[in-house]
Amino acid sequence: MTRPPPAARRAAPAADGEIPDHLLRVGDLAPETLRTLLDRAEAMKREPLGWADGLRGGAVGCVFEKPSTRTRVSLAAAAQRLGMAAVVLNRDELQLGRGETVADTARVLSSYLDAVAVRTFEHRVLERMAEVSEVPVVNALSDSHHPCQSLADLLALREHFGTLKGLRAAFVGDGGSNTCNSFLSACAATGMHLTIARPAGYATDPGLLDEARETMRRTGGSVSVTEEPEDAVRGAHAVYAEVWVPMDRRDEADERRRRLARYRVDDRLLAHAPGDAVVLHCLPAVRGEEITSEVLDGPRCLAWQQAANRLPTAQAVLHALITAARRRAV
Ligand SMILES: NC(=O)OP(=O)(O)O
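Residues numbered from 1 in each chain as written. Predicted model: local features only at pLDDT ≥ 70, side-chain atom pairs only at ≥ 80, totals over all residues. Heavy atoms only, no water.

Going by an unreviewed UniProt entry, the protein carries the name Ornithine carbamoyltransferase and comes from Streptomyces mobaraensis. What the UniProt record of the protein gives under Sequence similarities (unreviewed entry) is the line "Belongs to the aspartate/ornithine carbamoyltransferase superfamily." (UniProt positions renumbered as here; feature names shortened; annotations may be inferred.)

Asks: Honestly, the side chain of Glu242 in this entry has me stumped. Any pointers?
Replies: Within the element layout of this structure, Glu242 appears in the loop between strand E8 (238-241) and helix H10 (253-260). No salt bridge forms around the buried Glu242; measuring N to O, its nearest opposite-charge neighbour Arg256 is 7.5 Å away. Contacts of Glu242, omitting those with residues within four sequence positions, involve Phe171, Val172, Asp174, Ser177, Asn178, Thr179, Cys180, His281, Cys282 and Glu290. (Helix = DSSP H or I, 4+ residues; strand = E, 2+ residues; numbered from the N terminus. Buried < 20%, exposed > 50% of the residue type's maximum accessible area, 1.4 Å probe, protein only. Lys, Arg positive; Asp, Glu negative; His and termini not counted. Salt bridge = Lys/Arg side-chain N within 4 Å of Asp/Glu carboxyl O. Contact = heavy atoms within 4.5 Å.)

Asks: Could you clarify how one ought to interpret the site of the ligand in this entry?
Replies: Taken together, Ser68, Thr69, Arg70, Thr71, Arg119, His146, Gln149, Cys282, Leu283 and Arg310 make up the full set of residues near the ligand. Between Arg310 and the ligand, the recorded distance is 3.3 Å, taken from a side-chain N or O atom to an oxygen atom. Relative to its unbound accessible surface of 250 Å², the ligand loses 94% to contact with the protein. Of the residues assigned to the shell around the ligand, the class counts are 2 nonpolar, 5 polar and 3 charged. Residues from two domains meet in the shell around the ligand; each of domain 1 (24-143 + 309-324) and domain 2 (147-304) gives at least three. (Near = heavy atom within 4 Å. Polar contact = N/O pair within 3.5 Å; in protein donor to acceptor, adjacent residues only side chain to side chain. Areas by Shrake-Rupley, 256 points an atom, 1.4 Å probe, with all protein chains shown as cover. Nonpolar A, V, L, I, M, F, W, Y, C, P; charged D, E, K, R; others polar. Domains from an automatic or database assignment.)

Asks: Is there a simple way to think about the domain arrangement of the protein in this case?
Replies: Here the protein is partitioned into domain 1 (24-143 + 309-324) and domain 2 (147-304). Taken residue by residue, the interface counts 28 residues in domain 1 and 28 residues in domain 2. Between domain 1 and domain 2 the total buried area reaches about 2300 Å² when both faces are included, carbon and sulfur atoms providing 64% of it. Taken together, the links from domain 1 to domain 2 amount to 5 salt bridges. At the surface where domain 1 touches domain 2, the tally comes to 8 residue pairs in polar contact (both at pLDDT 80 or more). Looking at the side of domain 1 that touches domain 2, the elements that each hand over two or more residues are helix H2 (31-46), strand E4 (137-139) and helix H13 (303-329). Per-element accounting of the side of domain 1 that touches domain 2 gives the leading share, 9 residues, to H2. (Buried area = accessible area lost by both parts, 1.4 Å probe.)

Have a look at this one:
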């Protein structure tokens with residue numbers, strides 16, 4: 001008998017410490033689960049090999065409807081470090097490009113693979129895939145969430161500061177971006193204090209803010225919103241900059257550059273932050289736009305560490321989801 005699809009077996013979020021069926025949003029990870037993934041990623045970063053027991057010979061699919069450097073390569077490399085093959089596909093290489101439905105595609109792929117990572121436009125495509133997939137689905141970026149990035153961000157912050165709880169972060173730019181949404185949930189789960197500085201019209205989804213505040217009641221974190229980037233960075237341990245014109249918003253490029261111009265992370269803005277504040281950027285960066293080269297290449301920037309951490313965090317996610325799914329299937 002065919003197993004019921006994972007989403008039908010249990011609704012996210014999973015209980016504290018429990019690995020969920022899929023990773024679609026950081027908000028689906030309970031605080032203890034997030035900490036477990038970070039601990040595992042840290043161990044895998046120290047000792048990348050030796051985690052293939054039971055996984056050797058498996059395969060992970062990576063389906064990308066949009067370009068990617070970090071996510072695509074880190075997931076493929078992570079699969080190989082776990083002894084698994086990585087099958088990396090663009091949309092046009094699949095029948096998806098000729099109209100086969102997402103649900104049909106996911107059903108078929110999950111009969112070949114041990115997990116499938118998907119970068120797509122609409123988040124509901126991932127939710128639909130998770131509903132029908134027999135194997136874990138990993139969000140490799142959707143229009144509203146970027147959980148793999150947030151794990152790498154948290155690992156870089158924890159490596160730098162030794163702890164996450166109580167850290168003060170400022171996100172400067174588009175408060176409704178996928179990176180900001182996931183970073184908000186990451187701050188909530190770890191008890192961080194986040195200030196989002198964004199112009200009017202670039203607000204964070206109120207539902208996500210409510211969800212984060214609910215989690216923060218338990219973890220001791222907080223979130224506030226301002227239109228003033230100087231206020232946001234004052235007292236911050238970390239300042240997050242992100243590209244102003246994402247891949248799917250090129251038609252808004254001029255408007256975005258005009259509205260976000262005050263939100264550039266440069267030496268002028270950082271003069272309002274503590275001298276030992278670090279700078280985060282998920283990359284790729286547009287130098288001179290949302291961040292200057294002086295800052296991006298400077299000693300306080302963790303962007304390169306964040307990028308490097310994409311590999312051990314991807315390895316931890318794949319290992320955790322696949323081994324948990326196999327245990328549940330027994
Ligand atoms: N930060 C990030 O997701 O990079 P890529 O778009 O290159 O995967």
